[in-house]
Amino acid sequence: MQKNFYWLLVLFLAFGICGADLAASEFTKGKMWSCRKCRMISVNEKQPKVANCKRKGNHQWFLLGEVGEKIFRCRKCKMMLATKKQPNVINCFPSGNHQWYEMAKYGNKHFRCRKCELEVYANKQPKVEYCDKKGNHQWDML
């Protein structure tokens, strides 16, 4: 549950999503970057500053993609983010490449999976595949 909450928090903080009534056109503009050392995510037009990585030394930024309204989640590391198209596959934290799948488009409906407790704001019920607790998600609208 803590990991799911962490990635949901990252999604909300990365895009400035403060309320469920945020229109898709109000998404922050920019590019989404991730540090391959500390897993920090930053939204900037240009590559963020490299100094002060919490894993000692400098950040090692790589571009995930341009901020958008399509919500993707990696089946391996469970990172969840919203980009215009499928994010870059390189540098998945467990090993190798990300295995992204599109869950939904961002919207003002709040969903939570009964099994894994993942929460998503989407325009309609997210896809059911790839629940962390094996099998399919069982979404409830909150």
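Residues numbered from 1 in each chain as written. Predicted model: local features only at pLDDT ≥ 70, side-chain atom pairs only at ≥ 80, totals over all residues. Heavy atoms only, no water.

## Observations regarding the overall build of the protein
Okay, step 1: A count of helical and extended segments in the protein gives one helix and eight strands.
Okay, step 2: Taken over 142 residues, the protein has a buried fraction of 42%.
Okay, step 3: For the protein, contacts bridging at least 24 residues in sequence account for 44% of all contacts bridging at least 6.
Okay, step 4: A total accessible area of about 8,200 Å² is found for the protein, and carbon and sulfur atoms account for 49% of it. (Helix = DSSP H or I, 4+ residues; strand = E, 2+ residues; numbered from the N terminus. Buried < 20%, exposed > 50% of the residue type's maximum accessible area, 1.4 Å probe, protein only. Contact = heavy atoms within 4.5 Å. Areas by Shrake-Rupley, 256 points an atom, 1.4 Å probe, with all protein chains shown as cover.)

## What about the nonpolar core?
Okay, step 1: Counting residues in each nonpolar core, the largest one holds 16 residues, and the members touching the most others are I71, M80, M103, L118, V120 and W139.
Okay, step 2: Core analysis: the next-biggest nonpolar cluster, separate from the first, contains 12 residues, V67, C74, C77 and M79 among them. (Core = buried A, V, L, I, M, F, W, Y, C linked by side-chain atoms within 4.5 Å.)

## Structural notes on unusual backbone geometry
Okay, step 1: For N52, which is not glycine, the phi torsion reads 70° and is therefore positive.
Okay, step 2: Classification of N52 by relative accessible area gives exposed; the value is 70%.
Okay, step 3: Unlike most non-glycine residues, K78 shows phi in positive territory, near 70°.
Okay, step 4: Here K78 is to be found in the loop between β3 (61–74) and β4 (80–83).
Okay, step 5: For K78, a relative accessible area of 23% translates into the label partly exposed.

## Description of the confidence of the model for the protein
Close inspection of predicted coordinates is inappropriate in any region flagged by low pLDDT.
Okay, step 1: When the pLDDT values of the protein are averaged, the result is 82; 80% of them are 70 or greater.
Okay, step 2: Across the protein, strand β6 (residues 109–113) holds the top mean pLDDT of 96, while helix α1 (residues 2–15) sits lowest at 44.
Okay, step 3: Here residues 1–26 is a poorly scored stretch, pLDDT under 50, and it has 45 contacts once near neighbours within four places are set aside; other chains count. (pLDDT = per-residue confidence, 0-100.)

## Here we look at the sheet that holds strand β8 (residues 139–141)
Okay, step 1: Taken together, three strands build an open sheet; the order of strands is β7-β6-β8 and the sheet is antiparallel. Across the chains shown, the open sheet's two edge strands, defined by having one partner strand only, are β7 (119–122) and β8. With direction set aside, neighbouring strand axes in the sheet form an average angle of 30°.
Okay, step 2: Direction of pairing for β6 relative to β7: antiparallel, over a ladder of four bridges. By the bridge assignment, K109 is partnered in β7 with A122. (Pairing = 2+ DSSP bridges. Axes fitted to C-alpha atoms, helices over the stretch in contact; angles between N-to-C directions.)

## Thoughts on the pattern of salt bridges
Okay, step 1: The full count for this structure, using the stated rule, is six salt bridges.
Okay, step 2: For E69, the salt bridge goes to K105, with nearest N and O atoms at 3.8 Å. With a gap of 36 residues between them, E69 in strand β3 and K105 in strand β5 (residues 100–105) connect regions that are remote in the sequence.
Okay, step 3: Salt bridges sharing partners connect three or more residues here, namely R73, K78 and D132. (Salt bridge = Lys/Arg side-chain N within 4 Å of Asp/Glu carboxyl O.)

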